[in-house]
Amino acid sequence: MDAETDTAAVVTMRWTGDAVELLDQRLLPEQVVYVRCASAAAVADAIRDMVVRGAPAIGVAAAFGVAVEALRVQGRPDAGVAMEEAFARLAASRPTAVNLFWAIDRMRAGYDPQDPRRATEAMVAEALAIMEQDVAANRAMGAHGAALLPDGARVLTHCNAGALATAGWGTALGVIRSAVAQGKAISVIVDETRPYLQGARLTAWELVREGIPATLITDSMAGHLMATGEVDAVIVGADRIAANGDTANKIGTYMVAVLAGHHGIPFYVAAPWSTVDLALPDGSAIPIEERSAEEVTGFRDQHWAAGGVAVRNPAFDVTPAALVTALITERGVVHAPDTAQIAALID
Ligand code: MRU
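The model shown is predicted, which means the values in this text are computed figures rather than measured ones. (Residues numbered from 1 in each chain as written. Predicted model: local features only at pLDDT ≥ 70, side-chain atom pairs only at ≥ 80, totals over all residues. Heavy atoms only, no water.)

A. View of the site of the ligand. Near the ligand, the surroundings consist of 19 residues, among which R94, Q198, D239, N249 and K250 are the closest. Contacts to the ligand include R94, whose side-chain N or O atom sits 2.8 Å from an oxygen atom. One of the side-chain N or O atoms of D239 is found 2.7 Å from an oxygen atom in the ligand. Calculation on the ligand without its partners gives an accessible area of 410 Å², and the protein chains cover 100% of this total. Breaking the shell around the ligand down by element, the ones donating at least two residues are α2 (55–73) and β10 (247–250). Mapping the shell around the ligand onto the domain boundaries places at least three of its residues in each of domain 1 (13–138) and domain 2 (142–343). (Near = heavy atom within 4 Å. Polar contact = N/O pair within 3.5 Å; in protein donor to acceptor, adjacent residues only side chain to side chain. Areas by Shrake-Rupley, 256 points an atom, 1.4 Å probe, with all protein chains shown as cover. Helix = DSSP H or I, 4+ residues; strand = E, 2+ residues; numbered from the N terminus. Domains from an automatic or database assignment.)

B. Highlighting the sheet that holds β10. With mixed pairing, the four strands of this open sheet are ordered in space as β12-β9-β10-β15. The outermost strands of the open sheet, each flanked by one partner alone, are β12 (276–277) and β15 (316–319). Where β10 and β15 come together, four bridges link them in antiparallel fashion. Across the sheet, T247 pairs through a bridge with T319, a residue of β15. (Pairing = 2+ DSSP bridges.)

C. Expanded view of the packing of helix α5 (residues 121–146) against helix α6 (residues 172–181). For the pair α5 and α6, interaxial distance at closest approach is 8 Å and the crossing angle is 65°. The chirality of how α5 crosses α6 is right-handed. Between α5 and α6, the residues in contact are M141, G142, A143, G145 and A146 and G174, V175, S178 and A179, respectively. When grouped by side-chain class, the residues that make up the contact of α5 with α6 number five nonpolar, four polar and no charged. (Axes fitted to C-alpha atoms, helices over the stretch in contact; angles between N-to-C directions. Left-handed = near helix turned anticlockwise from the far one by under 90°. Contact = heavy atoms within 4.5 Å. Nonpolar A, V, L, I, M, F, W, Y, C, P; charged D, E, K, R; others polar.)

D. Fine view of the nonpolar core. Ranked by size, the top nonpolar core spans 43 residues in total, and within it M13 and L22 carry the most contacts. Looking at this core, the elements with two or more residues in it are β2 (13–15), β3 (20–23), β4 (33–37), α1 (40–48), α2, α3 (79–91), α4 (98–110) and α5. Membership of the second largest hydrophobic core comes to 25 residues, among which are A257, V269, V276 and L345. (Core = buried A, V, L, I, M, F, W, Y, C linked by side-chain atoms within 4.5 Å. Buried < 20%, exposed > 50% of the residue type's maximum accessible area, 1.4 Å probe, protein only.)

E. Region of the structure containing the domain arrangement of the chain. Its domain assignment divides the chain into domain 1 (13–138) and domain 2 (142–343). A C-alpha centroid distance of 25 Å is found between domain 1 and domain 2. Between domain 1 and domain 2, a total of about 2600 Å² is buried, with carbon and sulfur atoms accounting for 54% of that surface. Of all residues in domain 1, the largest losses of buried area upon contact with domain 2 belong to R53, T96 and N138, amounting jointly to 26% of the total for that side. The interface formed by domain 1 and domain 2 contains two salt bridges. The closest approach of N and O atoms between R300 and E30, which form a salt bridge, is 3.2 Å. When residues of the side of domain 1 that touches domain 2 are traced back to their parent elements, those giving at least two are α2, α4 and α5. With five residues, α5 is the single largest residue contributor to the side of domain 1 that touches domain 2. Split into classes, the residues belonging to the side of domain 1 that touches domain 2 amount to 18 nonpolar, five polar and seven charged. (Buried area = accessible area lost by both parts, 1.4 Å probe. Salt bridge = Lys/Arg side-chain N within 4 Å of Asp/Glu carboxyl O.)

Here is the structure:
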């Protein structure tokens, strides 16, 4: 991967014709740097290392990973084998967000090493289509979901489900953006989202740049603000939604959902249909990524935990569907989601 500095307007990823450039989210909010990836291996590394993160963004990046690899190996006698290795390598990068596997499957379905067009330009066209469709889905979710947020609402969000987590606009943050675009005075309470600080570093950055009122809290403050009547709604994204509506999202989301339920505050999940995994009847089989101890014991070059202590770092948790007030997808809003209601969205 080559890096280059860029101070232009924020774009999560961009296609250059022979490579994909990913905004390096590890360096935000201090630096805006793009990482150039010209192979599936480079994209897989970027996903694993959190250069790009957020379920829809991971899926779109993986699609570009397939496209760059198809260009890289085109015409080689072993191109088909190389592409199978690329699919496997991309699929092994992160386990929880199903958008990754959805995008790889969609790209694989269009690939044919025997057909020069399906081995090259069709792959680029499909990746570009996946990127455009993600933005369109986010805009549609925004249109559906904005109606759920009243004028003046104080909305709590967890992690980053904004433009940075998608190809643009965002899911949960997209709904907030759409409500603001309608003229509503929305203010956002941003959970910092320990341990990787996606809320403090990424969501807060997006909101401040746009002038949407935002207040940062530590995750442990959410219950207090709900108890004192300072939260009107919660909206989060998702990494994988089972057929019954059980929702995997960033660690800490379940805690927020329980608190919202206790206080009678609506808890909304916004996610594209590519995040729904109909193969899993409920959330119990969703694979939960366990990340490194270093993310908990410190951050970047800072270390604060006592040496020798055991550490757990599950990166996601599962919120039962019963705690979800409504699921917002590009196909519409499902109140009190369950298996039957989600199945009704299939066509
Ligand atoms: O570990 P991350 O940063 O990839 O986790 C991201 C989240 O959990 C997001 O909330 C989720 O992917 C939804 S993004 C639209």
